[in-house]
Amino acid sequence: MSEEIRIYVADLAAYNNGKLHGVWIDAAQDLDDIQDQINAMLAESPEGFAEEYAIHDYEGFGGYSVGEYEGIQSVHEIACFIEEYPDLAGELLSHFGGHLGDARKAMEENYSGCYKSLADYAEELTEDTSHIPENLAYYIDYERMGRDMELSGDIYTIETAYDEVHVFWSH
């Protein structure tokens with residue numbers, strides 16, 4: 001992923017008085033460094049004594065939506081997960097409703113790989129696990145096999161681009 005994973009943290013005292021004051025922060029850096037940057041931004045507030053902040057924007061989180069008042073530690077952990085799996089983590093987090101533990105378990109234990117289509121996955125799985133006589137190979141409909149695996153709940157998929165289907169086992 002070429003896009004940096006970052007958040008825009010805004011000073012709420014300034015914001016509530018009609019002034020834009022905030023800072024873009026790399027969300028994958030050390031947690032203490034993030035907090036230091038927030039504290040420095042609040043110390044430079046145009047409103048004197050500022051102590052409250054909110055996340056008003058974000059970039060690089062893929063399909064995951066960062067909440068305005070989401071905790072910095074949570075955002076940091078999610079950013080690190082996205083940095084670890086840049087092509088798919090944001091969409092996977094969105095699939096699991098933002099639950100990082102479920103998304104991490106899916107990547108580590110249930111991920112089968114990336115394919116051009118679900119039919120390609122069904123074909124590879126079938127050929128790896130079964131011997132198909134040559135005279136019957138033309139009769140197998142891998143597209144329907146893949147669709148049936150997904151409809152039965154055995155697998156689920158996340159499409160991240162054209163010809164890019166990520167396949168996960170449900171069990």
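Up top is the structure.
Thresholds, definitions, all that
Residues numbered from 1 in each chain as written. Predicted model: local features only at pLDDT ≥ 70, side-chain atom pairs only at ≥ 80, totals over all residues. Heavy atoms only, no water. Salt bridge = Lys/Arg side-chain N within 4 Å of Asp/Glu carboxyl O. Helix = DSSP H or I, 4+ residues; strand = E, 2+ residues; numbered from the N terminus. Buried < 20%, exposed > 50% of the residue type's maximum accessible area, 1.4 Å probe, protein only. Core = buried A, V, L, I, M, F, W, Y, C linked by side-chain atoms within 4.5 Å. Contact = heavy atoms within 4.5 Å. Expected span 1.5 Å × (residues − 1). Pairing = 2+ DSSP bridges.

**Student:** Can you help me understand the pattern of salt bridges in this one?
**Tutor:** All chains considered together, the criterion is met by six salt bridges. In this structure, E59 engages R6 in a salt bridge whose closest nitrogen and oxygen atoms are separated by 2.7 Å. Linking E59 in strand 3 (residues 53-59) with R6 in strand 1 (residues 6-11), this pair joins segments that are 53 residues apart in sequence. E59 gets classed as partly exposed once you look at its relative accessible area, which sits at 27%.

**Student:** What's the story with the nonpolar core in this structure? I'm lost.
**Tutor:** A general feature of soluble globular proteins is that nonpolar side chains tend to end up buried together. Counting 32 residues, the largest nonpolar core has I7, F61, F81, L92, L93 and F168 as the members making the most contacts within it. Of all the elements in the fold, those that place two or more residues in this core are strand 1, helix 2 (31-43), helix 3 (72-84), helix 4 (89-95), helix 5 (100-110) and strand 5 (155-161). The greatest single-element share of this core, amounting to six residues, is contributed by helix 3. Apart from residues no more than four positions distant in its own chain, L92 is found in contact with F81, A103, A106, M107, Y156, I158 and F168.

**Student:** Is there a simple way to think about helix 3 in this case?
**Tutor:** Because an α-helix completes one turn every 3.6 residues, residues spaced three or four positions apart along the sequence face the same direction. Compared with an ideal rise of 1.5 Å per residue, which puts 13 residues at 18 Å, helix 3 spans 18 Å between its outermost C-alpha atoms and is within 8% of the ideal. Those residues of helix 3 hidden inside the fold are in contact with strand 1, helix 2, strand 3, helix 4 and helix 5.

**Student:** What's the story with the pairing of strand 6 (residues 164-169) in this structure? I'm lost.
**Tutor:** In terms of strand pairing, strand 4 (residues 111-115) meets strand 6 through four bridges, oriented antiparallel. Paired with C114 across the strands is H166, a residue of strand 6. By the bridge criterion, six bridges tie strand 5 to strand 6 in an arrangement that is antiparallel. Paired with Y156 across the two strands is F168, which belongs to strand 6. Where strand 5 folds back on strand 6, the antiparallel hairpin that results is connected by two residues, among which D163 adopts a positive phi of roughly 60°.

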